[in-house]
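# Structural features, examined
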Amino acid sequence: MQQNPAVCPYEVQSPVMMHHWDTLTFLHWRFDPDAVQRLLPPGLEVEVRDGAAWVGLVPFFMRVGFPGVGSLPWVSRFCETNVRTYVRDAAGRSGIWFFSLDASRLAAVIMARTTYRLPYFWSRMELRSQGSTIRYDCTRWWPGPRGASSRVSITIGDRYAPEELTEFDHFLTARWILFSVAGKRRRFAKAQHSPWPLFRAVATVCHDEFVQATGLPANTDPPIVHYSPGVEVRIGRPERDRTSTATLV
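One structure accompanies this document, and this report is about it. None of these values were measured; they are calculated from a predicted model. (Residues numbered from 1 in each chain as written. Predicted model: local features only at pLDDT ≥ 70, side-chain atom pairs only at ≥ 80, totals over all residues. Heavy atoms only, no water.)

The subject of this paragraph is the layout of surface pockets. In this model, the largest pocket occupies a volume close to 450 Å³. Taken together, 20 residues form the lining of the largest pocket, with P5, S94, A174, R175 and W176 sitting closest to its centre. Tallying contributions element by element places helix α3 (residues 167-173) first for the lining of the largest pocket, with 3 residues. Its residues assigned to classes, the lining of the largest pocket comprises 8 nonpolar, 6 polar and 6 charged. Of the volumes computed, that of the second largest pocket is approximately 270 Å³. In this structure, the second largest pocket is lined by 14 residues; those nearest its centre are W29, C206, D208, N219 and T220. Going through the elements one at a time, β1 (17-31), β11 (199-208) and α4 (210-213) are the ones with two or more residues in the lining of the second largest pocket. Its residues placed into classes, the lining of the second largest pocket shows 8 nonpolar, 4 polar and 2 charged. (1 Å grid on protein atoms, 1.4 Å probe; cavity = no way out; pocket = protein on both sides within 12 Å on 5 of 7 lines; lining within 4 Å. Points joined across faces, edges and corners; volume = space filled by probe spheres on them. Helix = DSSP H or I, 4+ residues; strand = E, 2+ residues; numbered from the N terminus. Nonpolar A, V, L, I, M, F, W, Y, C, P; charged D, E, K, R; others polar.)

Below, the discussion takes up the pairing of strand β7 (residues 133-142). Where strand β6 (residues 120-130) lies against β7, 9 bridges are found, and the strand directions are antiparallel. Within β7, the residue paired with S123 across the bridge is R140. Here β6 folds back onto β7, and the loop between the two strands holds 2 residues, one of which, G131, carries a positive phi near 60 degrees. Alignment of β7 against strand β8 (residues 149-159), held across 7 bridges, turns out to be antiparallel. Following the sheet pairing, T133 is matched in β8 by T155. (Pairing = 2+ DSSP bridges.)

The next thing to look at is empty space enclosed by the protein. As enumerated under the stated definition, the model contains 3 cavities of 30 Å³ or more in all. In this structure, the largest cavity encloses a volume near 490 Å³. Lining of the largest cavity is provided by 34 residues; of these, H19, W21, M62, Y120 and L178 occupy positions nearest its centre. Examining the composition of the lining of the largest cavity, we find that 5 residues originate from one element, β1, more than from any other. Split by residue class, the lining of the largest cavity holds 26 nonpolar, 5 polar and 3 charged.

By the element assignment, H28 lies in strand β1. When its relative accessible area of 1% is taken as the criterion, H28 is described as buried. When neighbours within four sequence positions are excluded, H28 is seen to be in contact with W54, V55, G56, Y86, L172, P223 and I224. (Buried < 20%, exposed > 50% of the residue type's maximum accessible area, 1.4 Å probe, protein only. Contact = heavy atoms within 4.5 Å.)

Counted by the stated rule, this structure contains 9 salt bridges. Notably, a salt bridge pairs D89 with R93, separated by 2.8 Å at the nearest N-O pair. A residue is classified by how much of its surface remains accessible, and D89, at 6% relative accessible area, is buried. Judged by its relative accessible area of 23%, R93 is partly exposed. D102 is the salt-bridge partner of R140, the closest N and O atoms lying 2.7 Å from each other. Here R140, found in strand β7, pairs with D102, found in strand β5 (residues 94-103); they are 38 residues apart in sequence, far enough to count as distant. A relative accessible area of 3% places R140 in the buried class. (Salt bridge = Lys/Arg side-chain N within 4 Å of Asp/Glu carboxyl O.)

Further remarks concern the packing of aromatic side chains. Throughout the structure, instances matching the rule amount to 8 aromatic pairs. Geometrically, the ring pair formed by W122 and W141 is edge-to-face, given 5.1 Å between the ring centres and 90 degrees between the ring planes. Remark: W141 occurs in strand β7 and W122 occurs in strand β6; sequence separation between them is 19 residues. With relative accessibility at 25%, the residue W122 sits in the partly exposed group. Taking NZ or CZ as reference, R140 lies 4.4 Å from the ring centre of F210, over its face. The lysine or arginine in question, R175, covers the ring of F171, its NZ or CZ lying 4.6 Å from the ring centre. (Phe/Tyr/Trp six-rings, centres within 6.5 Å; stacked < 30°, edge-to-face > 60°. Lys NZ or Arg CZ within 6 Å of the ring centre and 35° of its normal.)

Okay, here's the thing in structure tokens:
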């Protein structure tokens with residue numbers, strides 16, 4: 001029986017963190033696969049759909065809890081914006097490669113850089129919601145380039161019924177593994193959550209410098225937009241990719 005692409009194929013039984021990804025917008029653009037592939041580390045191959053690689057800008061509000069501890073005031077609630085693409089490793093695992101992640105809590109930035117080896121940046125961020133309109137503003141502080149910014153406003157439409165969502169919608173949103181690199185070794189971590197509740201949305205403002213800051217060429221096409229009020233996520237511990245040694249050493 002074919003796996004439902006909206007459903008996580010495994011269970012994270014002992015999560016190291018519980019996340020709530022709230023008020024989240026996916027904005028995606030198509031790029032030449034070769035332009036994206038040259039930005040990836042050895043051992044990861046860009047996933048192609050409809051002849052293109054897809055790069056996403058994803059702003060949202062994050063709430064973090066820790067098993068046995070709960071939330072920590074200096075690290076547990078903040079805005080985040082990430083830039084990502086979709087890749088497959090040598091073992092055939094499909095997941096996310098983050099080009100950058102901006103967060104408004106310095107403690108969260110330092111924690112994610114040291115534990116999950118993710119390219120986090122400390123930024124000034126603001127999320128404002130009024131009716132069916134949401135606005136996300138982000139200006140990068142540290143590390144550089146200081147002053148890079150992103151400003152997005154969306155208008156939310158009707159919710160998709162589950163049967164209306166296509167494989168392409170799931171390709172852009174339903175991802176269960178993140179990859180990172182620590183020195184010459186790759187790591188990955190699993191994220192488990194229920195299927196995304198997805199809504200139609202339109203970007204009324206999209207002035208973004210983060211995607212181009214990755215080294216990708218400018219893309220003036222309007223983005224493909226999905227909105228979600230959010231999900232609760234079980235985050236697994238960072239795992240060393242045992243298949244990566246031969247390609248990276």
